[in-house]
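# An overview of the molecular structure
Now for the letters of each chain:
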Amino acid sequence: MPERSLYYWSKMYSSQIKKNDSHSSLKKCIAINILDYKFLPINQVHTQFHLIEDNTGYKITNVIELHFIELKKLDNLENLKDKN
C-alpha cells in the first residue's frame with residue numbers, strides 16, 4: 001500500500017507541469033487513502049505522513065502529504081466508547 005499510494009501521489013504531482021515548465025510552479029499534493037482493512041500497526045484511525053530527516057525531524061518539503069484512514073479501526077473506537 002505505501003508504494004501504491006506514492007505511485008498515485010507522484011502521478012498527480014508530476015501531472016501539474018509539462019516539459020520545460022518551472023518546477024517552482026508545482027503545488028502541494030495530498031493523497032488520502034481510505035482503507036477497509038487494518039494496514040498500519042498504529043492504533044489510530046487516521047495517520048498522516050511527510051518527508052522528514054530521520055535524526056532531526058527536519059521536514060525537507062511540504063509538497064507531499066499521505067493520509068491513511070483505516071475504517072476497520074473505527075470498530076475499536078466504538079468498543080472503547082461502550083466501555084466508558
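Check the entry above for the structure.
Residues numbered from 1 in each chain as written. Predicted model: local features only at pLDDT ≥ 70, side-chain atom pairs only at ≥ 80, totals over all residues. Heavy atoms only, no water.

## Quick look at the pattern of salt bridges
As enumerated under the stated definition, the model contains two salt bridges in all. The closest approach of N and O atoms between Lys-28 and Glu-65, which form a salt bridge, is 3.0 Å. Within this pair, whereas Lys-28 is found in the loop between helix 1 (2–14) and strand 1 (29–35), its partner Glu-65 is found in strand 3 (residues 64–70), the two being separated by 37 residues in sequence. Exposure remark for Lys-28: the relative accessible area of 42% places this residue in the partly exposed category. (Salt bridge = Lys/Arg side-chain N within 4 Å of Asp/Glu carboxyl O. Helix = DSSP H or I, 4+ residues; strand = E, 2+ residues; numbered from the N terminus. Buried < 20%, exposed > 50% of the residue type's maximum accessible area, 1.4 Å probe, protein only.)

## So, the pairing of strand 1
By the alternation rule, side chains of strand 1 split into Cys-29, Ala-31, Asn-33 and Leu-35, which are all buried, and Ile-30, Ile-32 and Ile-34, of which none is buried. The pairing of strand 1 with strand 3 spans seven bridges and is parallel. Within strand 3, the residue paired with Asn-33 across the bridge is Phe-68. (Pairing = 2+ DSSP bridges.)

## What about unusual backbone geometry?
Unlike most non-glycine residues, Asn-20 shows phi in positive territory, near 75°. Residue classification places Asn-20 among the exposed residues on the basis of a relative accessible area of 75%.

## As for the pairing of strand 3
The element strand 3 is largely enclosed, with a buried count of six among its seven residues. Looking at chain direction, strand 2 (residues 46–49) and strand 3 are connected through four bridges and run antiparallel. Residue pairing in the sheet places Phe-49 in a bridge with Leu-66 of strand 3.

## Let's talk about the packing of aromatic side chains
Applying the stated criterion across every chain yields a total of four aromatic pairs. Seen from their ring centres, Trp-9 and Tyr-13 are 4.7 Å apart, and the 15° between their planes marks the pair as stacked. Separated by four residues within a single helix, Trp-9 and Tyr-13 lie in helix 1, roughly one turn from each other. Residue Trp-9 shares its accessibility class with Tyr-13, and that shared class is buried. Ring geometry for Phe-49 against Phe-68: centres 5.9 Å apart, planes inclined by 75°, an arrangement best described as edge-to-face. With Phe-49 in strand 2 and Phe-68 in strand 3, this pair connects stretches of sequence that are 19 residues apart. (Phe/Tyr/Trp six-rings, centres within 6.5 Å; stacked < 30°, edge-to-face > 60°.)

## Quick word on the environment of His-67
Checked against the element boundaries, His-67 lands in strand 3. Judged by its relative accessible area of 10%, His-67 is buried. In the structure, His-67 is positioned 21 residues away from His-46 in sequence and 7.0 Å away in space, judged by C-alpha atoms. Ignoring anything within four residues of it in the chain, the contact list for His-67 reads Ile-30, Ala-31, Ile-32, Asn-33, His-46, Thr-47 and Gln-48. For His-67, the side chain forms a polar contact with the side chain of His-46, separated by 2.6 Å. Here Glu-65 takes part through its side chain, which lies 2.6 Å from a polar atom of the side chain of His-67. (Contact = heavy atoms within 4.5 Å. Polar contact = N/O pair within 3.5 Å; in protein donor to acceptor, adjacent residues only side chain to side chain.)

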